[in-house]
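Structural features, examined
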Amino acid sequence: MGVNEQKGFATATATAGKLEPFAMEVEHLSKAYRRYRRPMHRVIEATTFGRIKKHDESWALRDVSFGLRKGSSLGLVGANGAGKSTLLKTLAGVTSPTEGRYRIHGRVASLLELGAGFHMDFTGRANIVLNGVMMGFSRREMLSKTDEIIEFAELGDYIDEPVRTYSSGMGLRLGFAVAVAVDPDVLIIDEVFAVGDMYFQKKCVDKIYEFKQKGKTILFCSHSLYDVRQLCDEAIWLKQGVPQILGESVYVTNEYATFQRTHIGELEDSLTDSIPTIGNSIKSDGPGGGHAMPEILDARIYEPGTETERYQIETGDGIEIRIWWKNPNPEQTPAHLGVVFMRADMTTCAAMGTHLEHLELEGTEGCAVLRIDKVNFLASQFLVPVLLLDKGGIHKYQQYLMPENLVVRTNSREVGLFRVSHDWDLNAQHERPALEAAEESTEESTEESTEEGTDGHADQAQQEGQD
């Protein structure tokens, strides 16, 4: 299969032992779609019962195998057209595989595409029952959960309006509310959060994290490498339908990001998906909206202890990053601040956050100052986004970019990414390890053993001759 498998990743062929049983097993799964150049070719193939083939096959998936244990979460990463959605649709039962097989143990709920499983002419209330029945749940079960679903979706009076009148965000609200309300054992989610407002995105991420803490099994597809790292234990990188690497989510996303940096044409799209840029206004404007969310008002880089902004420094200089923020409801939406230094090729060179140091933002507004005594980056230009994160550091409320990039100059001939504190001792009094003596001793002992063995054989032969 040509797949790099990181040590420690639980595959379908692993020995179960004391580990939890698999919730999902996928074995050599492949999916091909037929392409006909002309409509008549389809007719010819059908009338000859396939004896005359007039189609070409386009493989969306090739030989995918993995095992996902109960309570684990698996992320799918890859470029557009890599086969991520096809894999999710196959595992959700929307389409059947061309080759291979899969087994899923437990109740499954999926959220694949906006509007999937909805009838556009039915009301939202009627579609709750319809969508649940299509996922294999009884009408009685769905009716008993209707009030809970409506409360989570926060659609208000729109719940009794036809779904065709809903916006994309409203459709997402209803679809996600149905998917999580049925309390599945396995939750399959495609990248659909991009259309939702910030308030509901936060609500969805919190719900997924709650599922994860309850030991539910999650299969999650996203272009946001940050979300995959935070929400998933393992990940698979797909390229043109073929698995490239499977392993721990941090390892896989790092390898995928490295690959992206070698393809500049694909990098701009991945940057937009990896860290979505949010405007200053992040209030929900949909039904149930109006929630005042945390916000970064401004952020700038200063020369330490002064009011002078400074965006060009030398290696070893100090800087202050001042961040003005507000949070109207700190009890409901506790927030954290993060600062990232990214090189021009989008390599994350350094990052720090208040949640990593167990610090809390107090009050409803203020100014936070990040002091860096020595910036040890070598000559380069850095993008410095400031992130506003939720309590767990998982969901991004907002990203704020500095007015200018930080330019670091170096007056020495040092090479590399950053300066490492070090010193040389050219007159050290250390003896070289006795490697040669150890090798000679080993050779001597080997020769002695050989001689003893030869003598032993000779004595035995002489004794047999005498007999």
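Model, not experiment: these values are computed from the prediction. (Residues numbered from 1 in each chain as written. Predicted model: local features only at pLDDT ≥ 70, side-chain atom pairs only at ≥ 80, totals over all residues. Heavy atoms only, no water.)

A word on the packing of helix 4 (residues 139–153) against helix 5 (residues 168–181)
This is how it is decided: Orientation is described by lines fitted to C-alpha atoms, with helices fitted over the stretch in contact, and by angles between N-to-C directions that extend from 0 to 180 degrees. Helix numbering and strand numbering both begin at the N terminus, where a helix is a DSSP run of H or I of at least 4 residues and a strand a DSSP run of E of at least 2. Angles are sorted into four bins: roughly parallel if under 35 degrees, roughly antiparallel if over 145, roughly perpendicular if 65 to 115, and oblique for all others. Each helix crossing is assigned a hand: it is left-handed if the near helix lies turned anticlockwise from the far helix by less than a right angle, otherwise right-handed if that turn is clockwise. By the convention used here, residues are in contact when the closest approach between their heavy atoms is within 4.5 Å. The nonpolar class holds Ala, Val, Leu, Ile, Met, Phe, Trp, Tyr, Cys and Pro. Asp, Glu, Lys and Arg form the charged class, and all remaining residues, Gly among them, are polar.
The geometry of helix 4 relative to helix 5 is characterised by a closest axis approach of 9 Å and an angle of 130 degrees between their N-to-C directions. On the basis of their axis angle, the class for helix 4 and helix 5 is oblique. The handedness of the crossing between helix 4 and helix 5 comes out as right-handed. When helix 4 is examined against helix 5, the residues Met142, Lys145, Glu148, Ile149, Phe152 and Ala153 are found in contact with a partner set consisting of Arg173, Leu174, Phe176, Ala177, Val178 and Ala181. For the contact of helix 4 with helix 5, a count of residues per class yields 9 nonpolar, no polar and 3 charged.

Some remarks on the nonpolar core
Worth spelling out the cut-off: Only buried residues count toward a nonpolar core. Its members are Ala, Val, Leu, Ile, Met, Phe, Trp, Tyr and Cys residues joined through side-chain atoms within 4.5 Å. For every residue, the accessible area obtained with a 1.4 Å probe (protein chains only) is divided by the maximum for its type, and the residue is called buried under 20%, exposed over 50%, and partly exposed between those limits.
By size, the foremost hydrophobic cluster in this structure holds 48 residues, and its most contacted members are Ile128, Met142, Ile149, Leu174 and Phe176. No other element matches helix 5, which puts 9 residues into this core. For Ile149, the contacting residues outside a window of four places in its chain are Ile128, Met142, Leu174, Ala177, Val178 and Ala181. Ala299, Ile321, Val375 and Met402 belong to the second-largest nonpolar core, a separate cluster that totals 29 residues.

Focus on the environment of Val129
With respect to the helices and strands, the residue Val129 is situated in helix 3 (residues 124–134). Assessed through its relative accessible area of 11%, Val129 is described here as buried. Expressed as a C-alpha distance, the spacing of Val129 and Ser144, which sit 15 residues apart in the sequence, is 9.9 Å. Other than its neighbours up to four places away in sequence, Val129 contacts Arg139, Met142 and Leu143.

Some words on the sheet that holds strand 13 (residues 319–326)
For clarity, the cut-off: Here the rule is simple: two strands pair whenever DSSP picks up at least two bridges between them.
The strand order across the open sheet formed by 3 strands is 11-13-16, and the pairing between neighbours is antiparallel. Because the sheet does not close on itself, it has two edges, and the strands there are strand 11 (295–302) and strand 16 (365–372). The sheet shows a mean angle of 15 degrees between the axes of neighbouring strands, taken without regard to direction. Strand direction decides the pairing type here: strand 13 and strand 16, joined by 8 bridges, are antiparallel. Bridge assignment links Trp325 to a residue of strand 16, and that residue is Gly366.

Quick word on helix 6 (residues 198–213)
Operational definition: In a helix, the anticipated span is given by 1.5 Å times the number of residues less one.
Taking 1.5 Å of rise per residue, the 16 residues of helix 6 would be expected to cover 22 Å, and the 23 Å separating its terminal C-alpha atoms lies within 8% of that figure. The buried count for helix 6 comes to 12 of 16 residues, which makes it a mostly enclosed element. Within the span of helix 6, buried status applies to Met198, Tyr199, Phe200, Gln201, Lys202, Lys203, Cys204, Val205, Lys207, Ile208, Phe211 and Lys212.

A few points about the pairing of strand 19 (residues 396–401)
Within a regular beta strand, the side chains point alternately toward one face of the sheet and then the other, so they alternate between its two faces. Most of strand 19 is tucked away: 5 of the 6 residues are buried. Relative to strand 19, strand 18 (residues 385–389) runs antiparallel, the two being bridged by 5 bridges. Paired with Val386 across the bridge in strand 19 is Tyr400. Two successive antiparallel strands, strand 18 and strand 19, enclose a turn made up of 6 residues, where Gly393 displays a positive phi of approximately 70 degrees.

Regarding the confidence of the model for the protein chain
Put simply, the test is: Per-residue confidence from the predictor is reported as pLDDT, which spans 0 to 100.
Per-residue confidence for the protein chain gives a mean pLDDT of 80; residues scoring 70 or more make up 80%. The low-confidence segment residues 1–18, where pLDDT is below 50, has 36 contacts with residues more than four positions distant or belonging to other chains.

Side note on the pattern of salt bridges
Quick note on the threshold: The term salt bridge refers to a side-chain nitrogen of Lys or Arg lying within 4 Å of a carboxyl oxygen of Asp or Glu.
This structure, assessed with the given rule, holds 21 salt bridges. Asp183 is the partner of Lys216 in a salt bridge, and the nearest nitrogen-oxygen pair spans 3.1 Å. Highlighted residues: Lys216 in the loop between helix 6 and strand 8 (217–221) and Asp183 in the loop between helix 5 and strand 7 (186–189), separated in sequence by 33 residues.

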